[in-house]
Amino acid sequence: MEQRPPLPPFTEETARQKVQAAEDAWNTRDPERVSKAYTIDSQWRNRAEFLNGREEIRAFLTRKWERELDYRLRKELWCFTGNRIGVTFRYEWHDDSGQWFRSYGNELWEFDENGLMERRIASINDAPIAESDREFRWER
């Protein structure tokens, strides 16, 4: 059976580890790697889009990172209990015209007993920013 530690029930320490692991994975912008953190039948609401299953998640992430260029993310633990974690986040990216954005949001995560995310609910808002207002820069 596939496992993704840390496993629920979460403590403050293991919830923080889970959030950091998610941030690290998403910052790779690798849809294959990121999608493996979700159950085969994971359910997502991302903005107004509803996804079902790892394959739809992988396709979504591929489209996302083709559109959201030079994506850089920061996540923070908001709360946790049992097998659930609440996260707040912000990320920066630019479109193909060079316009930069900072996106703000909240996520609700629910995990199975093996530490795979079986449900993700995300609410996200985008704010255009000047390149000079960026907070996150890639270290190359």
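Preceding block: the structure.
All values derive from a computational prediction rather than experimental measurement. (Residues numbered from 1 in each chain as written. Predicted model: local features only at pLDDT ≥ 70, side-chain atom pairs only at ≥ 80, totals over all residues. Heavy atoms only, no water.)

A. Focus on the side chain of Asp95. Here Asp95 is to be found in the loop between strand E4 (84-94) and strand E5 (100-111). In this structure Asp95 is buried but unpaired, with Arg67 as the nearest side chain of opposite charge at 9.1 Å. At 2.7 Å, the side chain of Asp95 forms a polar contact with the side chain of Ser97. The residues contacting Asp95, other than those within four sequence positions of it, are Arg67, Leu69 and Phe101. (Helix = DSSP H or I, 4+ residues; strand = E, 2+ residues; numbered from the N terminus. Buried < 20%, exposed > 50% of the residue type's maximum accessible area, 1.4 Å probe, protein only. Lys, Arg positive; Asp, Glu negative; His and termini not counted. Salt bridge = Lys/Arg side-chain N within 4 Å of Asp/Glu carboxyl O. Polar contact = N/O pair within 3.5 Å; in protein donor to acceptor, adjacent residues only side chain to side chain. Contact = heavy atoms within 4.5 Å.)

B. Focus on the packing of aromatic side chains. Under the criterion given, the structure shown has ten aromatic pairs. With 4.7 Å between their ring centres and 40 degrees between their planes, Tyr71 and Tyr91 make a pair best called tilted. Of this pair, Tyr71 sits in strand E3 (residues 69-81) while Tyr91 sits in strand E4; the two residues are 20 residues apart in sequence, bridging distant segments of the chain. No difference in accessibility class separates Tyr71 from Tyr91, as the two residues are buried. Taken together through their ring pairs, the aromatic side chains of Trp26, Tyr38, Trp44, Phe60, Trp65, Tyr71, Phe89 and Tyr91 make up a single cluster. Over the ring of Phe136 we find Arg74, and its NZ or CZ is 5.1 Å from the ring centre. Its guanidinium or amino end placed over the ring of Trp44, Arg120 lies 4.2 Å from that ring's centre, counting from NZ or CZ. (Phe/Tyr/Trp six-rings, centres within 6.5 Å; stacked < 30°, edge-to-face > 60°. Lys NZ or Arg CZ within 6 Å of the ring centre and 35° of its normal.)

C. A look at the nonpolar core. Among the nonpolar cores identified, the biggest contains 28 residues, and Trp26, Trp44, Leu61, Ile85 and Trp109 are the most heavily contacted of them. Elements that contribute at least two residues to this core include exactly helix H1 (12-26), strand E1 (38-46), helix H3 (54-67), E3, E4, E5 and strand E6 (117-129). Ignoring anything within four residues of it in the chain, the contact list for Trp26 reads Val34, Tyr38, Trp44, Leu61, Lys64, Trp65, Tyr71, Leu73 and Arg120. (Core = buried A, V, L, I, M, F, W, Y, C linked by side-chain atoms within 4.5 Å.)

D. Focus on the pattern of salt bridges. Enumeration over the complete set of coordinates arrives at 18 salt bridges. For the salt bridge of Glu55 with Arg58, the shortest nitrogen-to-oxygen distance reads 2.4 Å. One end of the pair is Glu55 and the other is Arg58, both in helix H3 and three residues apart, which spans about a single turn. With a closest N to O distance of 3.0 Å, Arg119 and Glu110 form a salt bridge. Judged by its relative accessible area of 15%, Glu110 falls in the buried class. Each of Glu76, Arg90, Glu92, Arg102 and Glu135 takes part in one network of salt bridges that share partners.

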